[in-house]
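# Secondary and tertiary structure notes
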Amino acid sequence: MATSTLDSVLAGLAQDKATGSLRVGRNGTIFLTRGRVSYAECTGTPNVEELLTASGRISANAVRKARQVVSADPDPVNGGDLLVGKGVLTRGELEFCVLGATLDASFFLLDTALDTTGARPGPRSRFRDGERHWLGTHWFFDVPGLFRECRRRKARLDRAWPSTELDTQPVIPVRRIPGRHVVLTAVQWEVLLGADTTATPAELARRLGRPAYSTLLAVRELGAAGLLATRVEPAAPSPPTLPRRGDRSGPRAELRPGSGQDAAEPYLPQVSADPTDVNLLIRLRDALEALQ
Amino acid sequence: MIGIEDCLSEAMTIPGALDAILVDHTSGMAVAAEGVPYPEGSAAGLSEAFRATLDGLALSTPDGTIRIEDVIVTTDRAYHLIKPMETMFDGPLLICLRLDPERANLALALRRLQAISHRLIAS
């Protein structure tokens, strides 16, 4: 099993309709119920408990108590039902939170498996038959569906800002905005407010009680809008000197050409081998041919 | 209190309902759908429509902040309702309902959606 990739391991478990937990190296764990993914957690993303408590939805005490009840009971009770039964959470909230945390963790856990070049070997995985998460099973993803969604999310992220540069760097808002007026989403606001120039997107996510993916997306959107300090300019013709991160002399960060409202030079779209672009071109060609 | 699947089946009992879909607005993912032929495409499109509405209205509102209760779009063939449900831990969940204008009552549909959303998410 040690040499097989994570996607083939998961596909095998799905085929066997396995129930248990799959530990993915030291990165996290994927829980399966009868061959479908029912929960996942990753060391880099907030888990259900953290999402619920850090966002202030329920108290850490309520979670601890429910967990104690589950571990004390010889019969495997379902921690999620316990929380819903006590009225601290609605069923919809529980399901949505489990679903959100699972997708969030999967996005980062399956990252190596999504890399189709196969250049990076995935971490070792170990399956424990029958092990369940204390919250119980509240939502399912079939394995191909989960991979599809992770791929879609990756594309969504690249559409916002096609560079991974900001992903692991501390988030540093620019001191002056490249315009007079900005529109922010709720998560973008929280990110800007939480940014202390040392926290990375993943650390901010945990602090804010927001999924790591949502936080990352907000960070990339802020980057695209020219609201964050960046080190390199993705589409620029090699600027001679770049103000350093934290450089006091330069309040303006580098901006992507065309992102400001009155950019003087015309902005050319980046050339990419993105399959969605290629598909679009193929569809365009087909449509033009159909016209003749 | 109801779960995600019940929420959709209840939405489908609203008079005139043609199809319903629940969308995670942050990622544009179809969480669950009923009667929708291409949930993934619909989810992405509805999520973008909602985002554009939010951005456009935020710019045109004097105080600059905006909280949408419902988006109502009437087309030549249907009524489209989009209702955001705020959650504490992630961006809103959108419940999107397409209604047959011949059979539907907009006011009733809005009230019913409101009631359903309150039972799905309490916060």
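Details of the structure are given in the entry above.
Throughout what follows, the structure given in this document is the object of discussion. (Residues numbered from 1 in each chain as written. Chains lettered and ligands numbered in written order. Predicted model: local features only at pLDDT ≥ 70, side-chain atom pairs only at ≥ 80, totals over all residues. Heavy atoms only, no water.)

## A closer look at the overall build of chain A
The cut-off we apply is this: Each helix corresponds to a stretch of at least 4 residues labelled H or I by DSSP, and each strand to a stretch of at least 2 residues labelled E; elements are numbered beginning at the N terminus. Any residue under 20% of the maximum accessible area for its type is buried, any over 50% is exposed, and the rest in between are partly exposed; the area is computed with a 1.4 Å probe on protein chains only. Contact definition: two residues touch when any of their heavy atoms are within 4.5 Å. Note on areas: Shrake-Rupley with a 1.4 Å probe; residue coverage comes only from the protein chains shown.
Counting secondary structure elements, chain A contains eleven helices and four strands. Across the 292 residues of chain A, 42% fall into the buried class. Intrachain contacts of chain A at a sequence separation of at least 6 include 70% that bridge at least 24 residues. Summed over its atoms, the accessible surface of chain A is roughly 15,900 Å², and 53% of this surface lies on carbon and sulfur atoms.

## Quick word on the interface of chain A and chain B
For clarity, the cut-off: Accessible area that two parts lose when put together, evaluated with a 1.4 Å probe and summed over both, is termed the buried area. Criterion for a salt bridge: a side-chain nitrogen of Lys or Arg within 4 Å of a carboxyl oxygen of Asp or Glu. In protein, a polar contact means a hydrogen-donor-capable atom and an acceptor-capable atom, both N or O and within 3.5 Å, with residues adjacent in sequence counting only if both atoms are side-chain atoms; elsewhere, any N or O pair within 3.5 Å suffices.
Of the residues lining the interface, 32 residues belong to chain A; the matching set on chain B comes to 28 residues. Across the chain A to chain B interface the summed buried area is about 2,400 Å²; carbon plus sulfur atoms make up 65%. Where chain A touches chain B, the interface holds two salt bridges. Salt-bridge contacts for Arg148 of chain A lead to Glu40 of chain B; the nearest nitrogen and oxygen are separated by 3.2 Å. On inspection of chain A and its partner chain B, the count reaches seven residue pairs in polar contact (both at pLDDT 80 or more). The set of elements that each furnish at least two residues to the side of chain A that touches chain B consists of helix 2 (48-54), helix 5 (91-109), helix 7 (143-160) and helix 10 (212-224) of chain A.

## Brief notes about the sheet that holds strand 4 (residues 125-129) of chain A
Residue and element names in this part refer to chain A. What counts here: Note: two strands are recorded as paired if DSSP finds a minimum of 2 bridges between them. Only the stretch in contact is used when a helix axis is fitted, and all axes are lines through C-alpha atoms; the angle between N-to-C directions ranges over 0 to 180 degrees.
Taken in spatial order, the four strands make up an open sheet running 3-2-1-4, and their pairing is antiparallel. Either end of the sheet is taken by a strand with one partner, and the two such strands are strand 3 (36-42) and strand 4. Taking each pair of neighbouring strands and ignoring which way they run, the sheet shows an average axis angle of 20°. Across six bridges, strand 2 (residues 28-33) lies against strand 3 in antiparallel orientation. Each residue of the ladder has a partner; that of Leu32, found in strand 3, is Val37. Seen against the sheet, helix 5 touches strand 1 (20-24), strand 2 and strand 3 and runs at an angle of roughly 70° to strand 3.

## Regarding empty space enclosed by the protein
Residue and element names in this part refer to chain A. The following threshold applies: Method remark: on a 1 Å grid restricted to protein atoms, a set of points is classed as a cavity if a 1.4 Å probe fits but cannot get out and as a pocket if it is open with protein on both sides within 12 Å along at least five of seven lines; lining residues have an atom within 4 Å of a point. Grid points are joined across faces, edges and corners, and a volume is the space filled by probe spheres set on the points.
Within the structure shown, the criterion is met by one cavity of 30 Å³ or more. In this structure, the largest cavity spans a volume of roughly 60 Å³. What lines the largest cavity is simply Gly20, Phe31, Leu32, Thr33, Ser38, Tyr39, Glu131, Arg132, His133, Gly136 and Thr137. For the lining of the largest cavity, the elements supplying multiple residues, two or more each, are strand 2 and strand 3.

## Overview of the nonpolar core
As a reminder, the rule being used: For the purposes of this section, nonpolar cores are sets of buried Ala, Val, Leu, Ile, Met, Phe, Trp, Tyr and Cys residues that join through side-chain atoms within 4.5 Å. Domain extents, as shown, originate in an automatic or database domain assignment.
Counting residues in each nonpolar core, the largest one holds 77 residues, and the members touching the most others are Leu10, Ile30, Leu99 and Leu110 of chain A together with Ile4, Leu97 and Leu99 of chain B. Ranked by residues supplied to this core, first place goes to helix 5 of chain A with ten residues. Two domains each put at least three residues into this core: domain 1 (6-150) and domain 2 (161-236 + 243-257) of chain A. When sequence neighbours within four positions are dropped, the list of residues in contact with Leu99 of chain B reads Ile14, Pro15, Gly16, Ala17, Leu18, Ala78, Tyr79, Leu81, Ala104 and Ala109 of chain B.

## Regarding the packing of aromatic side chains
All names here are of chain A. This is how it is decided: Two rings from Phe, Tyr or Trp (for Trp, the six-membered ring) form a pair when their centres are within 6.5 Å of each other. A pair whose planes differ by under 30 degrees is stacked, one over 60 is edge-to-face, and the rest are tilted.
A complete count under the given rule lists three aromatic pairs over all chains for this structure. For the ring pair Phe31 and Tyr39, a centre distance of 6.0 Å and an interplane angle of 35° mean the geometry is tilted. You can call Phe31 buried: its relative accessible area is 8%. Centre to centre, the rings of Phe107 and Tyr213 are 5.1 Å apart; their planes meet at 70°, and the pair counts as edge-to-face. Remark: Tyr213 occurs in helix 10 and Phe107 occurs in helix 5; sequence separation between them is 106 residues. Given the relative accessible area of 5%, Phe107 is considered buried. Among the aromatic residues, those joined into a ring-pair cluster are Phe107, Phe108 and Tyr213.

## Focus on the environment of Leu192 of chain A
All names here are of chain A. Here Leu192 is to be found in helix 8 (residues 186-194). A residue is classified by how much of its surface remains accessible, and Leu192, at 24% relative accessible area, is partly exposed. Residues Leu192 and Leu222 lie 30 residues apart in sequence; the distance between their C-alpha atoms is 8.9 Å. When residues no more than four places from it in sequence are discounted, the contact partners of Leu192 are Pro173, Leu184, Leu222 and Leu228.

## Structural notes on the packing of helix 5 of chain A against helix 7 of chain A
All names here are of chain A. Put simply, the test is: Should an angle fall under 35 degrees it is taken as roughly parallel, and over 145 as roughly antiparallel, whereas 65 to 115 is taken as roughly perpendicular and any remaining angle as oblique. Asp, Glu, Lys and Arg are counted as charged, while Ala, Val, Leu, Ile, Met, Phe, Trp, Tyr, Cys and Pro are counted as nonpolar; the rest, among them Gly, fall into the polar class.
One can describe the packing of helix 5 onto helix 7 by two numbers: an axis separation of 10 Å at closest approach and a directional angle of 75°. Relative to helix 7, helix 5 is oriented roughly perpendicular. Contacts between helix 5 and helix 7 involve Leu103, Asp104, Ser106 and Phe107 from the first element and Leu146, Glu149, Cys150, Arg153, Lys154 and Leu157 from the second. By residue class, the composition of the contact of helix 5 with helix 7 is five nonpolar, one polar and four charged.

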